[in-house]
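Residues per chain are reported as follows:
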Amino acid sequence: MTAAGTSVSQECADASGNGALLLIGRPEPGVLLVTLNTPQKRNSLSRAMMAALSDAVASALADRDVAAIVLAAAGPAFCAGHDLKEMTAHRADPDGGRAFFEDTMRACARLMQDIVASPKPVIAAVQGIATAAGCQLVATCDLAVAAATTSFATPGVNIGLFCSTPMVALSRNVPRKQAMEMLLLGEAMSAADAVRHGLINRAVPPERVLDEALGMARIIAAKSRATITIGKHAFYRQIEQPLAAAYNDAAAVMVENMMARDASEGICAFLEKRPPVWSGD
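Residues numbered from 1 in each chain as written. Predicted model: local features only at pLDDT ≥ 70, side-chain atom pairs only at ≥ 80, totals over all residues. Heavy atoms only, no water.

### Comments concerning a nonpolar patch on the surface
Formally: Only residues whose relative accessible area exceeds 30% and that take part in no salt bridge are eligible for patches, with like-charged residues grouped when within 9 Å of each other and nonpolar side chains (Val, Leu, Ile, Met, Phe, Trp, Tyr) grouped when within 5 Å. Accessible surface is estimated by sampling points in the Shrake-Rupley manner with a 1.4 Å probe; for residues, cover comes only from the protein chains shown. Here, a salt bridge means any Lys or Arg side-chain nitrogen found within 4 Å of an Asp or Glu carboxyl oxygen. Each helix is a run of H or I in the DSSP string that is no shorter than four residues. Each strand is a run of E no shorter than two, and both are numbered from the N terminus.
There is a patch of nonpolar side chains on the surface, built from V157, F162, M180, L184 and L185 and spanning about 400 Å² of accessible area. Turning to its location among the elements, M180 is positioned in helix α6 (residues 176–185).

Right, dumping it as structure tokens:
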């Protein structure tokens, strides 16, 4: 599931020599396409994959040409969660794997927080199933488009491993009862239900997933980048606050936003009935 202009990022090469963990492309101006590229492992979040994704988000942060990121995947699965084979292998460690498990969960938490903290909106283009930490990854992205045929699940309870870290992102996206149903029953949620409950934005025919996500990214890339950055940061900050504090914070943000050059330009352009010319300030 790639697009014209996609290229292999050497920084994301798999140290095992099996090729690139990620494919990095620029299908159109302002849009970075990051494709998980280990379909043989169902694009699981190995330690190396999480490090590569964090690096990709950090690189996008430093790139002024990037306005939005589309996160896609190769093969029939979007992401099957953590690499259970990798984790199980570390049970042979002297500590039974505890140190590796702790480092893995910290790396996962950093990745998810990096996505939320990035001023560049991240859009998931989900062509196949997203389970456990893969479902967490979708829930963490700012927007998500999925194939109508795909499904989402937090099935850890079925193997004696409650999806506690996926729960953090899931419970911040879907209503409490639906989140608990997914976590306690371990059953799959359809794409249609995922739209209805707010886990994803749109469910479309499989062949349209990437185009739909790129279309969203294209619209974002045409906006004032300074305004998008202000808004994304304010959204995630206020949503964790009590109502009065959230309004105080949002009001202060509105004032600062009104003082920005792009806000002045955008309002003048609207009143003068002409397209705005953004400066990024």
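That shown, we press on.
### Quick word on the nonpolar core
What counts is decided by this rule: In plain words, nonpolar cores are sets of buried Ala, Val, Leu, Ile, Met, Phe, Trp, Tyr and Cys residues tied together by side-chain atoms within 4.5 Å. When accessible area is computed with a 1.4 Å probe and restricted to protein chains, residues below 20% of their type maximum are described as buried, those above 50% as exposed, and intermediate ones as partly exposed. Contacts are assigned to residue pairs that have any heavy atoms within 4.5 Å of one another.
Counting 51 residues, the largest nonpolar core has F78, F152 and L199 as its most contacted members. If you tally residues by element for this core, the top one is helix α1 (residues 47–62), at seven residues. The residues contacting L199, other than those within four sequence positions of it, are C135, V138, A139, A144, F152, L170, V174, M189 and A194. Within the second largest apolar cluster, 17 residues are counted, among which are L33, V209, L214 and A217.

### What to know about the side chain of S54
Its location among the elements puts S54 in helix α1. If we ignore the near neighbours within four places in the chain, the residues touching S54 are L111 and D114.

### Details of helix α9 (residues 225–238)
Quick note on the threshold: Here a helix's expected span is defined as the number of its residues, less one, multiplied by 1.5 Å.
Taking 1.5 Å of rise per residue, the 14 residues of α9 would be expected to cover 20 Å, and the 20 Å separating its terminal C-alpha atoms lies within 8% of that figure. By the burial criterion, the buried members of α9 are A226, K232 and A234. The elements touched by buried residues of α9 are α3 (98–117), β6 (122–126), α10 (243–258) and α11 (261–271).

### What about the packing of aromatic side chains?
Put simply, the rule is: Planes of paired rings set the category: under 30 degrees apart is stacked, over 60 is edge-to-face and the rest tilted, where pairs are Phe, Tyr or Trp rings (Trp by its six-membered ring) whose centres lie within 6.5 Å.
Taken as a whole and assessed by the stated rule, the structure comprises one aromatic pair. On the numbers, 5.1 Å between centres and 90° between planes, the contact of F235 with Y236 is edge-to-face.

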